[in-house]
Amino acid sequence: MAGGTMNKAKIAIALPLLALLAACNMGADGNASSGESAPGELAGARIGAPFTLTDQDGKPRGWDDFKGQYRLVYFGYTYCPDVCPVDLQRIMQAFAQFEKAQPALAAKVQPIFISVDPARDTSAILKPYVAAFHPRLIGLTGTPEQIAKVAKDFVVLYNVEGKPGDKDYLVSHSRTPYLFDPDGKPVALVPVDDPSTTGASVDYQITGNETRGNIELEARNDEQSADEGSPSKVLAFLEKWVK
């Protein structure tokens, strides 16, 4: 996946992302991430750039539309069978708890899901999917060219796994949820679980028709485990960074 010239800031970020690149077909015993998932300062990193994509209602949405808000950004895709829904479920559970405990601060945060599978993730597909996690979660898609540029600007790696013309395929992608400040500058990486961590446990189920028109999601989190991406850890992260 290497290619082109990258500045030192991008190289520093991209190397950990390579370790986090994972196909979303990992089972409970799969190792989808071997890198550190603890949040860290990203001040000065060149992550993010203006864009215009399409939201779940078919309306254009630009990066600058969220100016003045913290932006909680996750890249994934709706057909991801396990990693994406688990990450989103935990992050949005924490966000819901944050809303309840500190509604004024939570109002300053905009959660955003950006698809790396624009061929299948239309606005109609995104709409029920993001709604299944939280009513404030915005889903964004675009043309393959638009998504490729956004992924590059946000230092996100992804790769379609399948033969040309296949309808049923997986997309490997880096698991790096970002928190950006109200000026759109990167703050820190949102904690996510390393599935290889001993004791980490998540049970979940997604059911729905082929168009994702009816999604049901259930998750059970073992808060007593060493899970780095549990809702309690994400909540602590939000309480630390959102001011």
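To start, this report covers the structure provided alongside it.

Rules of the game
Residues numbered from 1 in each chain as written. Predicted model: local features only at pLDDT ≥ 70, side-chain atom pairs only at ≥ 80, totals over all residues. Heavy atoms only, no water. Salt bridge = Lys/Arg side-chain N within 4 Å of Asp/Glu carboxyl O. Helix = DSSP H or I, 4+ residues; strand = E, 2+ residues; numbered from the N terminus. Buried < 20%, exposed > 50% of the residue type's maximum accessible area, 1.4 Å probe, protein only. Arc of directions from axis to C-beta. Phe/Tyr/Trp six-rings, centres within 6.5 Å; stacked < 30°, edge-to-face > 60°. Lys NZ or Arg CZ within 6 Å of the ring centre and 35° of its normal.

1. What to know about the pattern of salt bridges
Considering all chains together, one arrives at six salt bridges under this definition. Residues R136 and E99 are paired through a salt bridge, measuring 3.6 Å at the closest nitrogen-oxygen approach. Here R136, found in the loop between α4 (123–131) and β6 (138–141), pairs with E99, found in helix α2 (residues 83–101); they are 37 residues apart in sequence, far enough to count as distant. What makes R136 partly exposed here is its relative accessible area of 24%.

2. As for helix α5 (residues 144–153)
Turning to α5, its buried residues are I147, V150, A151 and D153. For α5, the buried positions fall inside an angular range of 165° around the axis, keeping them on one side. Along α5, the residues that are exposed and aim more than 90 degrees away from the buried face are E145 and K152. Just beyond α5, the residue with positive phi is V155, at close to 55°.

3. A short note on the packing of aromatic side chains
On inspection of all chains with the given rule, the structure shows eleven aromatic pairs. A centroid spacing of 6.5 Å and a plane angle of 55° characterise the contact between F237 and W241, whose relative ring orientation is tilted. Of this pair, F237 and W241 both sit in helix α6 (residues 231–241), separated by four residues, roughly a single helical turn. By way of ring pairs, the aromatic residues F51, W63, F75, F154, Y178 and F180 are connected into one cluster. Looking at R71, its charged tip hangs above the ring of W63, at a distance of 4.5 Å from the centre.

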